[in-house]
Amino acid sequence: MRASILPRYGAPELLTLAELPRPVPGPGQLLVRVVASAVNPVDLEVRSGSKADHITHDFPMILGWDLAGVVEECGSGVARFAPGDRVVAMSAQLATGVGTHAQYVVLDAGLAARAPHTAELAHTAALPLAGLTAHQALDALAPLEGGTVLITGAAGAVGGLAVQLAVARGLKVLAHGRPGDADRLHALGADEAYSSERPVPPGAADGLLETAGLPRAVAGVRDGGRAVSVVPLAPPVSERGVEVRMSFVDQDGRRLEELSGLVDQGVLTLRVERTYPLAEVGAAHRRLAAGGSRGKLLISPWD
């Protein structure tokens with residue numbers, strides 16, 4: 001099979017194509033023919049070496065956390081899936097050492113979920129990491145139905161799904177994005193749209209879901225409210241009795257299947273900006289690093 005490999009930490013240009021043996025599933029595992037994977041900020045951090053202290057896997061390394069594809073083969077003991085099933089999955093590459101920027105991936109069956117049947121299979125690769133991050137962070141925020149939540153980075157991959165999930169939970173959503181994002185944020189379901197040109201009123205929200213590295217957004221939370229951040233490098237600082245929590249995404253095939261169902265119900269929409277061939281993963285890294293993308297950057301391993 002072909003895969004994009006990283007031979008050592010460094011610039012995007014180091015990512016190169018390689019021919020590797022096709023993996024074989026063991027007990028409880030799936031072999032998935034990957035239709036699409038995605039590039040996420042964590043891939044840029046791993047590639048640069050900034051996550052080196054958290055990695056014990058050897059080079060060469062395959063990056064990538066998200067995948068959408070078709071089950072090619074099941075290992076012994078797998079009952080939930082069969083060859084031919086359309087699936088999505090998240091492999092926490094930092095922990096598992098299993099990256100998804102390849103034509104075939106072997107992973108534990110418990111990490112996979114049935115892909116939404118109402119969306120193009122390749123586009124469903126936009127769901128796993130961003131969707132699980134948003135879902136789990138909202139659970140950590142635990143806002144009451146009818147409450148008000150402020151979501152930063154609301155036009156991004158995680159923030160955009162968080163807006164839609166919050167609306168589905170009956171919350172009033174104050175969405176913070178870039179100037180010019182207002183129409184996009186309202187289309188996602190936000191009640192109010194804010195930016196650097198239209199600041200959030202102090203204390204306007206019961207809770208904050210911070211996805212953009214804007215720790216000062218905690219000023220928009222009422223006294224005694226709660227803030228949850230998914231950005232470990234710049235967490236909000238507690239003030240005025242506001243409780244601050246961090247939320248780190250967990251692999252969870254069952255929860256991912258719930259999210260897949262929400263796509264089929266029309267609750268969640270998947271946004272894709274561009275699909276790159278496997279030979280151009282480095283270009284996708286440069287695009288993501290440039291900022292401002294308003295949809296997922298996908299990788300097609302068969303182009």
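Owing to the predicted nature of the structure, the values given are computational and were not obtained by experimental measurement.

Colleague: Would you mind going over the packing of helix H3 (residues 128-141) against helix H6 (residues 253-264) with me for this structure?
Modeller: How two helices sit against one another is set out by the angle between their axes and by the gap between those axes. Interaxial distance between H3 and H6 falls to 10 Å at its minimum, and their mutual angle equals 100°. Judged by the angle between their axes, H3 and H6 are roughly perpendicular. Contacts between H3 and H6 involve Pro128, Gly131, Leu132, His135, Gln136 and Asp139 from the former and Arg255, Leu256, Glu258 and Leu259 from the latter. Across the contact of H3 with H6, the residue classes tally to four nonpolar, three polar and three charged.

Colleague: Mind showing me how you'd approach unusual backbone geometry here?
Modeller: Working note: non-glycine residues mostly have negative phi, and peptide bonds are mostly trans. Here the residue pair Phe59 and Pro60 is connected by a cis peptide bond, since its omega of -5° sits within 30 degrees of zero. Tracing the backbone through its elements, the reader meets Pro60 in the loop between helix H1 (41-48) and strand S4 (61-62). Positive phi, close to 50°, is recorded for Ala142, a residue that is not glycine. Summarising the element assignment, Ala142 is placed in the loop between H3 and strand S9 (148-152).

Colleague: Any chance you could explain the sheet that holds strand S1 (residues 2-6) here in plain terms?
Modeller: Within a beta sheet, neighbouring strands are joined by backbone hydrogen bonds and run either parallel or antiparallel to one another. Here three strands make up an open sheet; going across it, the order is S2-S1-S4 and the pairing antiparallel. Whereas interior strands pair on both sides, the edge strands pair on one side only; in this sheet they are strand S2 (16-19) and S4. Inspection of the sheet shows S1 paired to S4 by two bridges, in the antiparallel sense. Residue pairing for S4: Ile5 is matched across the bridge by Ile62.

Colleague: Would you mind going over the side chain of Glu210 with me for this structure?
Modeller: Along the chain, Glu210 turns up in strand S12 (residues 205-210). No salt bridge is formed by the buried Glu210, whose closest oppositely charged neighbour, Arg216, lies at an N-O distance of 11 Å. Side chain to side chain, Glu210 and Thr152 meet in a polar contact 2.6 Å long.

Colleague: Would you mind going over the packing of aromatic side chains with me for this structure?
Modeller: The relation between two aromatic rings is expressed through the spacing of the ring centres and the mutual angle of the planes. For the structure shown, the criterion picks out two aromatic pairs. A ring pair is formed by Tyr9 and Phe59, whose centres lie 4.8 Å apart and whose planes are at 80°; its orientation type is edge-to-face. Taken together, the positions of Tyr9 in the loop between S1 and S2 and Phe59 in the loop between H1 and S4 put the pair 50 residues apart, joining distant regions of the chain. Overall, the relative accessible area of 28% leaves Tyr9 in the partly exposed class. Taking 5.7 Å as the distance between ring centres and 90° as the angle between the ring planes, the aromatic pair formed by Tyr104 and Trp302 counts as edge-to-face. Here Trp302 lies in the segment after strand S16 (296-300) and Tyr104 lies in strand S7 (residues 104-108), a separation of 198 residues in the sequence. Residue Tyr104 is classed as buried on the basis of its relative accessible area, which comes to 12%. By relative accessible area, Trp302 is classed as partly exposed at 34%. In this structure, Arg22 is placed above the aromatic ring of Tyr104, and the distance from its NZ or CZ to the ring centre is 4.9 Å. The ring of Trp302 is capped by Arg33, whose NZ or CZ atom sits 4.0 Å from the centre of that ring.

Thresholds applied
- Residues numbered from 1 in each chain as written.
- Predicted model: local features only at pLDDT ≥ 70, side-chain atom pairs only at ≥ 80, totals over all residues.
- Heavy atoms only, no water.
- Axes fitted to C-alpha atoms, helices over the stretch in contact; angles between N-to-C directions.
- Helix = DSSP H or I, 4+ residues; strand = E, 2+ residues; numbered from the N terminus.
- Parallel < 35°, antiparallel > 145°, perpendicular 65-115°, else oblique.
- Contact = heavy atoms within 4.5 Å.
- Nonpolar A, V, L, I, M, F, W, Y, C, P; charged D, E, K, R; others polar.
- Pairing = 2+ DSSP bridges.
- Buried < 20%, exposed > 50% of the residue type's maximum accessible area, 1.4 Å probe, protein only.
- Lys, Arg positive; Asp, Glu negative; His and termini not counted.
- Salt bridge = Lys/Arg side-chain N within 4 Å of Asp/Glu carboxyl O.
- Polar contact = N/O pair within 3.5 Å; in protein donor to acceptor, adjacent residues only side chain to side chain.
- Phe/Tyr/Trp six-rings, centres within 6.5 Å; stacked < 30°, edge-to-face > 60°.
- Lys NZ or Arg CZ within 6 Å of the ring centre and 35° of its normal.

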